[in-house]
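Architecture and fold: a report
In case you want the letters, here they are:
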Amino acid sequence: MKKLSMGVVFLGVLSSCIYAESVIADRPGFSTGTYSVQPGKFNIEMGYNYTFDKTSTKNDTQDLPLFELRTGITEDIEFDFLWDGWSYTKSGVKESSSDITLGGKYRIIKEDIYNITLMTLITLPTGSQSDFQTQNISPLIGLLWDYTIDESLSLFGTFQSSTYKEQKRIYDLQTAIGMTWNHTEKFASFIEAYSIVPSSSSISKEYVVDGGFTYLIQENIQLDINGGIGLNKESNNFLGAGIAIAF
C-alpha cells in the first residue's frame, strides 16, 4: 500500500514524538491480516502502485497514496478508513479519484498458532467518476485466517465476496492463499496466489501471483516493496511500495 511524500515525512516526525506501538500492517499483498489494532492505537498505511496493462501501454496506471487508517475499538474490533487516492495514466494526466471505503474487522478466534477474523467493508460512490445512487454502494464480507507452522514460517489466506454495480449488479468470489517467511526480527517476505471470479461471464476473471518484502526500520515503522504477475491475459502485472506507521 503507498507513497513517499511530505505527508510521510510529517508522519515520521510525528511517530518519533509519541509512544511507539509495534506495527502489524495489512499491507502489502492482496490478503488482509487477521490482527486488529489495539484500542486507542492507530495504524496509518500508505503506498504507490504501478500497473502494467497487457493490452495497451497507454492504459498503464499509477495509483497513490493508497491510504488506510486503522484504529482499535475494543480488543477484538477495529475500524478502517480506506481511500486509494488518484489514478494516473502513463502520460501522467490525472484520470480519476477513488471512492471511500469504510469498515472493520472482528477477531473471531485467537489462538497461539491460528487466527480467524471477520472483515466487512462498504465502498461509497464518492469518487470523481461516481454518482451517489444507493444501488452503487459496494459491500464486501470476508473471512481471514492464518496458521503458524514455526517461528519463521506461517500460512495465510482469505475467502471473501463483494458486489458492485456496472450495467447490472455483479457479485464476485475472491480467494487467496500464501506463505510468509520471517528471515530476521526485522526482515520478512511473502508470496501468495489469488483469484477474483465474477458472477457475469462478460466480466474478466483475474488470476495473480504476487509477493514482496517488508522491513522494520524501527518498532513502529515498516517499509515494503511488492509486485505481482497476472496469470491470464486479463490480469495485469504490477509493482508497488509503501510504508506503515503505528502510534
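Above this text is the structure in question.
The notes below deal with the structure included here. (Residues numbered from 1 in each chain as written. Predicted model: local features only at pLDDT ≥ 70, side-chain atom pairs only at ≥ 80, totals over all residues. Heavy atoms only, no water.)

**Digging into the side chain of T101**
With respect to the helices and strands, T101 occurs in strand β5 (residues 100-110). For T101, the side chain forms a polar contact with the side chain of T123, separated by 2.8 Å. The contact partners of T101, leaving out residues within four places of it in the chain, are D80, F81, L82, L121, I122 and T123. (Helix = DSSP H or I, 4+ residues; strand = E, 2+ residues; numbered from the N terminus. Polar contact = N/O pair within 3.5 Å; in protein donor to acceptor, adjacent residues only side chain to side chain. Contact = heavy atoms within 4.5 Å.)

**A look at the side chain of S31**
Along the chain, the position of S31 falls in the loop between α1 (6-16) and β1 (42-52). Polar contacts involving the side chain of S31 include one to the side chain of E192, which spans 2.8 Å. Those residues in contact with S31, other than ones at most four positions away along the chain, are D26, F156, G157, T158, A176 and E192.

**Regarding the environment of A246**
Within the secondary structure layout, A246 lies in strand β13 (residues 237-246). Taking the C-alpha atoms as reference points, A246 and Q222, separated by 24 residues in sequence, lie 8.9 Å from one another.

**Observations concerning the pattern of salt bridges**
Two side chains bearing opposite charge may form a pair once their charged atoms approach each other closely. Summed over the entire model, instances satisfying the criterion amount to 7 salt bridges. Between D26 and K105 there is a salt bridge, with the nearest N and O atoms lying 2.8 Å from each other. Placement of the pair is D26 in the loop between α1 and β1 and K105 in strand β5, with a sequence separation of 79 residues. Between K105 and E78 there is a salt bridge, with the nearest N and O atoms lying 4.0 Å from each other. (Salt bridge = Lys/Arg side-chain N within 4 Å of Asp/Glu carboxyl O.)

**Overview of the layout of surface pockets**
In this structure, the second largest pocket occupies an estimated 950 Å³ of space. In terms of lining, the second largest pocket is formed by 39 residues, of which the most central are I24, A25, S154, T180 and N182. Considering only residue class, the lining of the second largest pocket consists of 15 nonpolar, 16 polar and 8 charged. (1 Å grid on protein atoms, 1.4 Å probe; cavity = no way out; pocket = protein on both sides within 12 Å on 5 of 7 lines; lining within 4 Å. Points joined across faces, edges and corners; volume = space filled by probe spheres on them. Nonpolar A, V, L, I, M, F, W, Y, C, P; charged D, E, K, R; others polar.)

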